[in-house]
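Listed below are the residues making up each chain.
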Amino acid sequence: MKKFKFELKNGTIKEMDIDELTRWACLIEGIEQVSKKYEELGESMDTDDWIKPLAFQKYLEERFHSMKHDLTVEATLGRI
């Protein structure tokens, strides 16, 4: 199985398989969705509001297979 290599800020190389890369991509996408919603709500959100970790886990589980397909296609096309 193909490994994806990423150079980290500290100069080390991190290798990930497609499943690990997919989980990270889903988490980042989930955080972006939360950020977008926060910006939409603006000041109407209470500073004590927070997102439960289970919401991220559920999002990751629901999005994983389609994200994996998307990343596999991008890798096949040489874009990642």
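Placed above this text is the structure.
Scope of this entry: the structure provided in the associated data block. (Residues numbered from 1 in each chain as written. Predicted model: local features only at pLDDT ≥ 70, side-chain atom pairs only at ≥ 80, totals over all residues. Heavy atoms only, no water.)

Let's talk about the pairing of strand E1 (residues 4-7)
Filter applied, for reference: Here the rule is simple: two strands pair whenever DSSP picks up at least two bridges between them. Here a helix means four or more residues in a row that DSSP labels H or I, a strand means two or more in a row labelled E, and each is numbered from the N terminus.
Taken together, the four bridges between E1 and strand E2 (residues 13-16) define a ladder with antiparallel strand orientation. The residue of E2 that forms the bridge with Phe4 is Met16. Linking E1 to E2, which pair antiparallel, is a turn of five residues; within it Gly11 sits at a positive phi near 90°.

A look at the side chain of Arg63
Selection rule: For this analysis, a polar contact is any N or O atom pair within 3.5 Å, provided that within protein one partner can donate a hydrogen and the other can accept it, and provided that sequence-adjacent residues contribute only side-chain to side-chain pairs.
As for its position among the elements, Arg63 is in helix H2 (residues 53-76). Within the structure, the side chain of Arg63 is placed 2.6 Å from the side chain of Glu29, a separation counted as a polar contact. Side-chain polar atoms of Arg63 contact the side chain of Ser66, separated by 2.7 Å.

Focus: H2
Under the convention used in this document: To estimate how far a helix should extend, the number of its residues minus one is multiplied by 1.5 Å. Burial classes follow relative accessibility: with a 1.4 Å probe on protein chains only, a residue under 20% of its type's maximum area counts as buried, one over 50% as exposed, and anything between as partly exposed. Two residues form a contact once any of their heavy atoms are found within 4.5 Å.
Taking 1.5 Å of rise per residue, 24 residues should cover 34 Å, and H2 covers 32 Å from first to last C-alpha, within 8% of that figure. Of the residues making up H2, those classed as buried are Arg63, Phe64, Met67, Leu71 and Ala75. On its buried face, H2 is in contact with E1 and helix H1 (18-41). Positive backbone phi, at 80°, marks Gly78, one or two positions downstream of H2.

Quick word on the pattern of salt bridges
The criterion, for reference: Put simply, a salt bridge is a Lys or Arg side-chain nitrogen that is within 4 Å of an Asp or Glu carboxyl oxygen.
Scanning the entire structure with this criterion turns up eight salt bridges. A salt bridge links Lys68 to Asp19, with the shortest nitrogen-to-oxygen separation between them at 2.8 Å. Within this pair, whereas Lys68 is found in helix H2, its partner Asp19 is found in helix H1, the two being separated by 49 residues in sequence. Of the residues examined, Lys68 reaches a relative accessible area of 26% and is grouped as partly exposed.

Details of H1
Between the first and last C-alpha of H1 there are 35 Å, a value that for 24 residues agrees with the 34 Å anticipated at 1.5 Å per step. Burial in H1 covers these residues: Ile18, Leu21, Thr22, Ala25, Cys26, Glu29 and Gly30. Residues of H1 that are buried in the fold lie against E1, E2 and H2.

Topic: the nonpolar core
The test is simple: The nonpolar core is taken to be a set of buried Ala, Val, Leu, Ile, Met, Phe, Trp, Tyr and Cys residues, with the residues joined through side-chain atoms within 4.5 Å.
Phe4, Met16, Ile18, Leu21, Ala25, Cys26, Met67, Leu71 and Ala75 form the largest nonpolar core, which has nine residues in total. For this core, the secondary structure elements donating two or more residues are H1 and H2. Of the residues forming this core, the biggest block, four residues, is contributed by H1. For Ala25, the contacting residues outside a window of four places in its chain are Met67 and Leu71.

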